Amino acid sequence: MIKIDKLHKSYEMGSSSLHVLKGIDFNVEAGELVAIMGSSGSGKSTLLNILGMLDNADEGTYDLDKMRIENLDEKTAAEYRNKFLGFIFQSFNLINYKSALENVALPLYYQGLKRKERQKIALNYLDKVGLKNWSTHLPSELSGGQKQRVAIARALASNPKVLLADEPTGALDSTTSMEVMALIQKINNEGKTILVVTHEHDIAMMCKRIVNLKDGVIVEDKKVKQNIIKNV
Amino acid sequence: MFNVERWKEIFQSIKKNKLRTVLSGTTVSLGILIFIILFGLGEGLKNSYSDLFLRQANNVVFLYTGKTTKPYGGFKTNRRIEFDNSDIADIKANFSDRVEYINPTIRYGDNIKYKLESYNFSIQAVSPSNQYIEGNVLMKGRYINEKDIENKTKVVVIGRLVARDIFKTEDPIGKFINIGSRSYKVIGVFQDLDGDNEESYLFLPYTTRQQILMGSDKVGSIAITFNPNLGGKGAVKLENDIKTFLKKKKSIDPTDPSAIRVRNVADELERSMQFAGALQIIVAFVGIGTLIAGIIGISNIMVFIVKERTKELGVRKALGAQPSEIIKMILTESIFITSISGFAGMIIGVIALNSLESGLQEYFITRPQVSLNIAFIATVILIIFGVIAGYIPAKRAAQIKPIVALRDE
């Protein structure tokens, strides 16, 4: 599903340049649930940005579902993000004046769907994350875990090929973290490819594969025995 | 361009962010409102000023006589020059294409009596043209007419204040008053918008006065009105032509400055209008100042709004909004709010000005009004600047990477 070859990325910092990614080779098959781990400065966020088409690589290639992603202008990048990727953020990033349902429907708005259609699909995904009864509530009326579930429903709404989650449990307590990870596992089991960036080992252990980044290179890439969450 | 779905998005954003909407809307409304009111009041001040000078016919030239200061054509210096009836006939005959009205005037003082009471008012013996030149408005009866001039009738037209003082509540028309030793019939009462002073006159036919002066044909001064199409230069030329003509006729040195003098109302008016022009500049300055304050206000708010929405815009971009879509959304919203509130402010301002119209006369403000054109242009300027002020930060916001916008907490 994702194929990355010799990926390099540097940032110009005044006169010096900071080499953040130093040749990453990395493949993800469809249906995988991969944790990308690393301390801050390891390059994991940069990698996620490039995967999310929020940033361009300097060297190397990136194929998403056999499609070469390169030299994207803003317009095409926005279109691809909308079609192929779903984002889950640490701080949820829901739009505070929109109800849960409207938040979930937003990616569909940018696909040009009619309002009725959008709401039907959005309600369906809200139901999937167990928040059908909360559809008219504003984010401020939801708990942290509920907000993240709305965000997951939103990421799913456009039916993307890959979900990218940036520290999805970073702002949650351990119980709600379990809930959210359980939901991610459930979605993964239904066949969705998911990448989770995290620095917490127990969260990573809930994935099927762990990729460890250090100083811009992959130091470890192993399949793990997934810690499956039950009874939440 | 018209996209129903985008409008729905925008309406939601407007409705759900009331403070923001009210803030930016009020700035624009207030800017336009204050602009219109200030501009209108300034305009009113100018109106009062020009009214003061414009009620009299302003195409009038007054001709006076004096004594010669230079010997000429065998005459000694210090000769007294006077106009007479032939001068009037000559001006009529020679300048008929450029002169509209001629009004010979003889000013004099005499004892005015009615029923044993004595009064003191200015008396002028004039021709019917006087009504037009002075801007007298008849309240009652009739003005002096050509028949009166021809027949030298003993009639008098009196000002409103004269009528009030002499006749109190009585109807003056048809009554007789004594001027000097003769009795005159009151035929009309006039008012004059130029004020009390102008309403304290008694006018009688100049030929009547000449008859009393033992058949004299002398005239004190002559007022003429020229064809307004002549314009400023034409008027000056006419003045000089008449002066030259009369000097030649009366054997006066062409360079003698005081034998025949000319006063042009238009010249005075021009000086007065310079003051009005200065007022206009002040008014324009105040107006532009208010408008700039409004523009700065709306610009500030637009920058603030976009800043406040950076994160939301980042989310929208991550979810697939294209940069152009972001810019369109912000601009449509700002145009919508500024237009509605701008035109609301404009309408309120115009209504407020109209309701002030009658109450401000004692503060020297008449007809405080703004032409719809100016109000409209000012509103559009404010809207355009609101859009520009919104466009710059919107463009920047649309270009920052969503990931940066999202980190901005």
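What you are looking at is a predicted structure, and each value in this text was computed from that prediction instead of being measured.

Novice: I tried to follow the sheet that holds strand 6 (residues 85-88) of chain A on my own but got confused; where do I start?
Specialist: Within a sheet, each strand pairs with its neighbour through backbone hydrogen bonds, oriented either parallel or antiparallel. Residue and element names in this part refer to chain A. What the 6 strands build is an open sheet, ordered 6-7-8-3-9-10; its pairing is mixed. Looking at strand neighbours, the two that pair on one side only are strand 6 and strand 10 (217-223), the edges of this open sheet. Averaged over all pairs of adjacent strands, the angle between strand axes in this sheet comes to 20°, irrespective of strand direction. Alignment of strand 7 (residues 162-166) against strand 8 (residues 193-198), held across 5 bridges, turns out to be parallel.

Novice: I keep staring at unusual backbone geometry and nothing clicks. Help me out?
Specialist: Across the chain, the bulk of peptide bonds are trans and the bulk of non-glycine residues have phi less than zero. Residue and element names in this part refer to chain B. Despite not being glycine, Asn78 has its phi angle at roughly 70°, a positive value. For Asn78, the location among the structural elements is in the loop between strand 1 (60-65) and strand 2 (83-84). A positive phi is found at Lys168, a non-glycine position, where the angle reads about 50°. Topologically, Lys168 is positioned in the loop between helix 6 (160-167) and strand 9 (176-179). Judged by its relative accessible area of 58%, Lys168 is exposed.

Novice: What exactly am I supposed to notice about the domain arrangement of chain B here?
Specialist: Put simply, an interface is often sized by how much accessible area is lost when its parts join up. Partitioning chain B into structural domains gives domain 1 (4-53 + 271-407) and domain 2 (88-226). Computed over C-alpha atoms, the centres of domain 1 of chain B and domain 2 of chain B are 58 Å apart.

Novice: Explain the layout of surface pockets to me, please; I cannot follow it from the model alone.
Specialist: Picture a little ball the size of a water molecule; that probe, rolled over the atoms, points out where space is still empty. Of the pockets and cavities examined, the second largest pocket occupies roughly 360 Å³. Along the walls of the second largest pocket sit 17 residues, with Leu94, Ile95 and Asn96 of chain A together with Lys311 and Glu312 of chain B positioned nearest its centre. Within the lining of the second largest pocket, the residues separate by chemical class into 6 nonpolar, 5 polar and 6 charged.

Novice: In this structure, what is going on with the sheet that holds strand 5 (residues 67-68) of chain A? I would like to understand it.
Specialist: Residue and element names in this part refer to chain A. Taking strand neighbours across the sheet as the criterion, the 4 strands line up as 2-1-4-5 in an open arrangement whose pairing is antiparallel. The open sheet terminates on both sides in strands that have one partner only, identified here as strand 2 (16-28) and strand 5. By the bridge criterion, 5 bridges tie strand 1 (residues 2-13) to strand 4 (residues 59-64) in an arrangement that is antiparallel. The partner of Lys3 across the bridge, within strand 4, is Asp63. Contacts from helix 1 (residues 44-51) reach strand 1, strand 2 and strand 4, with the element oriented near 115° to strand 1.

Novice: I tried to follow a nonpolar patch on the surface on my own but got confused; where do I start?
Specialist: A cluster of nonpolar side chains, namely Ile377, Ile381, Ile384, Phe385, Ile388, Tyr391 and Ile392 of chain B, defines an oily patch on the protein surface of about 600 Å² accessible area. Along the chain, Ile377 of chain B falls in helix 12 (residues 372-399).

Novice: In this structure, what is going on with the packing of aromatic side chains? I would like to understand it.
Specialist: Centre-to-centre distance and the angle between the planes together describe a pair of aromatic rings. Residue and element names in this part refer to chain B. Overall, the coordinates contain 15 aromatic pairs over all chains when judged by the stated rule. Judged by centre distance (5.7 Å) and plane angle (5°), the ring pair of Tyr201 and Phe203 falls under stacked. A connected cluster of aromatic rings, assembled from ring pairs, spans Tyr143, Phe190, Tyr201 and Phe203. The ring of Phe75 has Arg79 sitting right over it, with the charged end atom 4.0 Å from the ring centre. Directly above the aromatic system of Tyr108 lies the positively charged group of Arg209, at a separation of 3.4 Å from the ring centroid.

What counts as what
Starting afresh in each chain, residues are numbered from 1 along the sequence in its written order. Working convention: letters from A go to chains and numbers from 1 go to ligands, in the order in which they are written. Where local features are concerned, this predicted model is filtered to residues with pLDDT of at least 70; where side-chain atom pairs are given and counted, the filter is 80 or more; whole-chain, interface and lining totals use all residues. No hydrogens and no water enter the side-chain calculation; it runs on all heavy atoms of the structure. Here, a strand pair is defined by DSSP locating no fewer than two bridges between the strands. Segments assigned H or I by DSSP are reported as helices when at least four residues long, segments assigned E as strands when at least two residues long, and all are numbered from the N terminus. Every axis in this analysis is a line fitted to C-alpha atoms, fitted for helices over the stretch in contact. Angles between the N-to-C directions lie between 0 and 180 degrees. Note on classification: 1.4 Å probe, protein chains only; a residue is buried when its accessible area is under 20% of the maximum for its type, exposed when over 50%, partly exposed between these limits. Segment limits for the domains were obtained from an automatic or database-derived domain assignment. Buriedness for pockets is judged along seven lines, at least five of which must meet protein on both sides within 12 Å for an open set on the 1 Å grid over protein atoms alone, while cavities are sets there where a 1.4 Å probe fits but cannot get out, and lining residues have an atom within 4 Å of a point. Grid points are joined across faces, edges and corners, and a volume is the space filled by probe spheres set on the points. Each residue is assigned to one class: nonpolar for Ala, Val, Leu, Ile, Met, Phe, Trp, Tyr, Cys and Pro, charged for Asp, Glu, Lys and Arg, and polar for all the others, Gly among them. Contacts were defined at the residue level, with two residues in contact if any of their heavy atoms lie within 4.5 Å. By definition, no residue in a patch forms a salt bridge, and every one has over 30% relative accessible area; like charges are joined within 9 Å, nonpolar side chains (Val, Leu, Ile, Met, Phe, Trp, Tyr) within 5 Å. The Shrake-Rupley method, run with a 1.4 Å probe sphere, supplies the accessible areas, and residue values consider only the shown protein chains as cover. Salt bridge criterion: a side-chain nitrogen from Lys or Arg within 4 Å of a carboxyl oxygen from Asp or Glu. In this scheme Phe, Tyr and Trp rings, the latter by its six-membered ring, pair at centre separations within 6.5 Å, and the angle between planes marks the pair as stacked below 30 degrees, edge-to-face above 60, and tilted otherwise. For a Lys NZ or an Arg CZ to count as sitting over a ring, it must be within 6 Å of the ring centre and within 35 degrees of the ring normal.

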